[in-house]
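Coordinate inspection notes
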Amino acid sequence: MIKINLPELGKERVVIIGGGFAGLALALKLSKLNQYQVVLLDRNNYHQFQPLFYQVAMAGLEPSSIVFPFRKIFQKNKNIYIRITEVTKVNLEKKFLETSLGVCNFDHLVIATGADTNYFGNQKLESLAISMKTVSEALFLRNAILDDYEKALSTTDYEERQEFIDIVVVGGGPTGVEVAGALAEMREYVLPKDYPELDCREVDIWLVQGADSLLKGMSENASQKAYDFLEKMGVKIKLNTRVMNYDGGWVEMDDGSKIPAKKVIWAAGVKGAAPFGLPQEVMGNGNRVAVNEFNQVKGYENVYAIGDVATMVSEEFPYGHPQVAQVAIQQAKNLAFNLKKGLKNKNKHPFKYRDLGSMATIGRNKAVVDLPKFKFSGMFAWMVWLLVHLFQILGVRNKVIIFFNWVWNYLFYDQSLRLIIRPKINPRK
């Protein structure tokens, strides 16, 4: 077997699969040590800031402002080796990975592959609905929305035109709520200027939620406020309703109702993106890897899983921790501390999640924030949401660009990012 091109330094090698919030935070901590050789494997050469994918999809931000190249991040850290490759299989017993570049050996393995969209076994929805787990998918959605508005202008039949302009968002969590709110603002402020020939009153935005309320992980007050905000913005909300079928033109619900739509945005759930080859006995619920309180994969002393792909079951979290960025970052920092101390140290720190709160934005001056001691909504919550996300973005340039875009959009409700950019197929592949 061909080995991946990596130098042998005589140090124990820590291989991290995935450069999301968890993998990146761990790599940053370990790269400052001389204790290990740190190898970061990812299919992309950049880190993606997932909470703002929906703004790229709604033409509010340019994609380059929410991604940051790994090599730029680690320019000053020499003790890290980055390889852009796909991990096709893991072999825990023999301590190596199979990748598209070759075989990679490890002394310590950290699985930080994140989460993938969960379609709950519905293959039709998986093939036809649009998810937003990568910046590429966000750009695809932007193209689809703008392309269908263009087609609607040339469609004289009312029913056929509805399929082009109506949009169904499935899932009432933060992503679904934020997407629905952004679509409502686009209909209110952008479409009348860009498409004056189109009757914007015909555009229906549906938000379908299987539970009895929105934002189930947040407080009752936040849930009700989000519902009220969206309802005032003209979003049609269906609670206690599940999408059963979708044929590319009509969305069928479990109550027998149907909605015409050529676009279904799927934000209804996630599952762990565990790599192929893991033994079945280490897998927990939701395709996540079962770990102990030190994030060790059960049965393997030198194999770890952190972030969305890991499930640490406890009395407080019987189904594992929520799949959010703060859990991933905190687990990465705790694991880095334990690795720094050495694996045989008996005083390793068990992971303890510190809930810093949760938030969601619905639109201009409309957001909800749940902090451990305070809960609020409206304009102040919206400003808090903006500041928190702005400071989490990597790179000064990205922060400045995003801040400028937000200010410009706030003042003028207009962006020059509504471009339909189709990728060209590379004839050499």
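A quick note: this is a predicted structure, and the numbers were derived from the prediction, not measured.

**Things to note about the pairing of strand β5 (residues 80-84)**
Most of β5 sits inside the fold, with four of its five residues counted as buried. Looking at chain direction, strand β2 (residues 36-42) and β5 are connected through five bridges and run parallel. By the bridge assignment, D42 is partnered in β5 with I84.

**A word on the packing of aromatic side chains**
Summed over the entire model, instances satisfying the criterion amount to eight aromatic pairs. The side chain of K262 reaches across the aromatic face of F164, ending 5.4 Å from its centre. A cation sits over an aromatic face here: R364 above Y410, 4.0 Å from the ring centre.

**A word on unusual backbone geometry**
Of note in this structure, K95 is not a glycine but carries a positive phi near 60°. Mapped onto the secondary structure, K95 falls in the loop between β6 (87-91) and β7 (96-99). In the Ramachandran plot, N287 falls in the positive-phi region, its phi being about 60° despite a non-glycine side chain. Looking at the element boundaries, N287 is found in the loop between β18 (270-272) and β19 (289-290).

**Brief notes about the nonpolar core**
Ranked by size, the top nonpolar core spans 66 residues in total, and within it L52, M58, I66, Y149, L183 and L230 carry the most contacts. With nine residues, the top contributor of residues to this core is helix α7 (residues 174-194). Apart from the residues within four sequence positions on either side, L52 is in contact with L61, I66, W385, I393, I402 and W406. Core analysis: the second largest hydrophobic core is formed by 32 residues, Y81, L109, A305 and F351 among them.

**Details of the sheet that holds strand β15 (residues 250-253)**
Ordered in space as β14-β15-β16, the three strands form an open sheet in which the pairing is antiparallel. Pairing within the sheet leaves two strands with one partner each, and these edge strands are β14 (243-246) and β16 (258-260). Taking each pair of neighbouring strands and ignoring which way they run, the sheet shows an average axis angle of 25°. Relative to β16, β15 is paired through three bridges, and the arrangement is antiparallel. If you follow W250 over to β16, its bridge partner there is P260.

What counts, and where the lines are drawn
Residues numbered from 1 in each chain as written. Predicted model: local features only at pLDDT ≥ 70, side-chain atom pairs only at ≥ 80, totals over all residues. Heavy atoms only, no water. Buried < 20%, exposed > 50% of the residue type's maximum accessible area, 1.4 Å probe, protein only. Helix = DSSP H or I, 4+ residues; strand = E, 2+ residues; numbered from the N terminus. Pairing = 2+ DSSP bridges. Phe/Tyr/Trp six-rings, centres within 6.5 Å; stacked < 30°, edge-to-face > 60°. Lys NZ or Arg CZ within 6 Å of the ring centre and 35° of its normal. Core = buried A, V, L, I, M, F, W, Y, C linked by side-chain atoms within 4.5 Å. Contact = heavy atoms within 4.5 Å. Axes fitted to C-alpha atoms, helices over the stretch in contact; angles between N-to-C directions.

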